[in-house]
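Residues per chain are reported as follows:
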Amino acid sequence: MREQLLAAEKVKAIDWHDGVLHLLDQRVLPLEETWRSYDSAAGVAEAIRLMVVRGAPAIGISAAYGVLLGARARLAAGGDWRAALEEDFAVLAASRPTAVNLFWALERMRERLARLQDGDDVLAALEAEAIGIHDSDREANLTMAQLGVELIRKHDRRAQKLLTHCNTGALATGGFGTALGVIRAAHVAGLVERVFADETRPWLQGARLTAWELAGEGIPVSLNADAAAAHLMKTEGISWVIVGADRITANGDVANKIGTYQLAVNAMHHGVRFMVVAPSSTIDMNLSSGDDIPIEERDGRELLEVGGHRVAAEVHAVNPVFDVTPADLIDAIVTEKGVVERPDAKKMAQLMCRKRLH
């Protein structure tokens, strides 16, 4: 199946060449395909904050390249470049608080710095590390796609109706996708009758990005309002809800795009299976439960305005952009290390002791 999956890959959101980071601006898709170029850590941090790039794995990858760009500037400036580089680490870390992949990638880059020996080419070492983070994410996604398909097929070998939330495809990752990667692989395997994509308010990642990715590959997709999900579970015979994650805690609780929690509650009520697909870099074993996850709240204008035009009354808006789904609502967590069904603290600890399967 791997060769078929690679042949189906058409979209990428991150490109590194000639010492510059190029990001596909996801704020203007699908109406415009605009690439933006960055040559500084501050610029990359701003791109993350403004959601030029989004999706937990893609944020982490971009931040790794941001460290490289920061080191290049600090070395050129002379002086204590290591101390100066700490400012870049701090700026990148502050760009988005919830996605743990960001902090995981920064720690990987920090550890690589710590292993440098006298005479080592600093920039070459950091570039290799950033590229390694990028490439390993794509490889992890291909592994997860195959594991997810095996899980779907275990329960039913017929073509099925699936529902997904936000965007978890190539646009959100180093390539191919997490939850959307599983859906793509399921389509290749003949297991998809139709995908229902939540629009995902207020940034409409489902409407703008997921529907665009799926339609571009000829995968049958219907867009629906977020509030229609329970009705569709009741009336359309949906068999799986498949989503990604921005942080998974030691007990298997999952932080993901706002609206995921209510999907899990509705899925449990309607007997729909619930799958979370995320690389092991998303798992934060330092947090015991979802109660410990910092939840980002963005500007209320994202709800009060559409395209910069006010559409709401003069009221206060509450705009948390993530929520936490308890582990007891989740049927399976799929990672590149394997699948955890009915996750709990013991099973998550066992998973993290495994080696990658690819």
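Keep in mind that what you see is a predicted model, and the values were worked out from it rather than measured.

## Notes on the UniProt feature "site: Transition state stabilizer" (unreviewed entry) in the protein chain
Here the UniProt feature "site: Transition state stabilizer" (unreviewed entry) sits at Cys166. Residue placement: Cys166 occurs in the loop between strand S4 (160–164) and helix H7 (179–188). For Cys166, a relative accessible area of 8% gives the class buried.

## What to know about the UniProt feature "active site" (unreviewed entry) in the protein chain
Within this numbering scheme, the UniProt entry marks Asp246 as carrying the feature "active site" (unreviewed entry). With respect to the helices and strands, Asp246 occurs in the loop between strand S7 (238–243) and strand S8 (247–249). By relative accessible area, which is 9% here, Asp246 ends up buried. Discounting chain neighbours no more than four positions away, the residues touching Asp246 are Ala56, Thr98, Ala99, Val100, Asn101, Ala255, Asn256, Lys257, Thr282 and Phe322.

## Describing the packing of aromatic side chains
Per the stated rule, a full pass over the model turns up 1 aromatic pair. Centroid distance Trp16 to Tyr65: 5.0 Å. Interplanar angle 10 degrees. Geometry classified as stacked. Placement of the pair is Trp16 in strand S1 (residues 14–17) and Tyr65 in helix H3 (residues 56–77), with a sequence separation of 49 residues. The residues Trp16 and Tyr65 share a single accessibility class, namely buried. Lying across the ring of Phe176, Arg184 places its NZ or CZ 5.2 Å from the centre. In this structure, Lys257 packs its charged tip against the face of Phe322, placed 4.6 Å from the ring centre.

Criteria and thresholds
Positions within a chain are numbered from 1, following the residues in the order the chain's sequence is written. In view of the model being predicted, local features appear only for residues whose pLDDT reaches at least 70, and side-chain atom pairs are presented and counted only at 80 or more, with totals across whole chains, interfaces and linings using the full set of residues. Processing note: side-chain calculations cover all non-hydrogen atoms of the structure and skip hydrogens and water entirely. UniProt positions are given in the numbering used here, feature names are shortened, and annotations may be inferred rather than shown by experiment. Strands here mean DSSP runs of E at least two residues long; helices mean DSSP runs of H or I at least four residues long; both are numbered from the N terminus. The classification of residues rests on relative accessible area computed with a 1.4 Å probe and restricted to protein chains. Under 20% of the type maximum is buried, over 50% is exposed, and intermediate values are partly exposed. Contact between two residues is taken to exist if any of their heavy atoms lie within 4.5 Å; hydrogens are not considered. Aromatic rings from Phe, Tyr and Trp, taking only the six-membered ring of Trp, are treated as a pair when their centres fall within 6.5 Å; an angle between ring planes under 30 degrees marks them as stacked, one over 60 as edge-to-face, and anything in between as tilted. Only when the NZ atom of a Lys or the CZ atom of an Arg is both within 6 Å of the ring centre and within 35 degrees of the ring normal do we say a charge sits over the ring.

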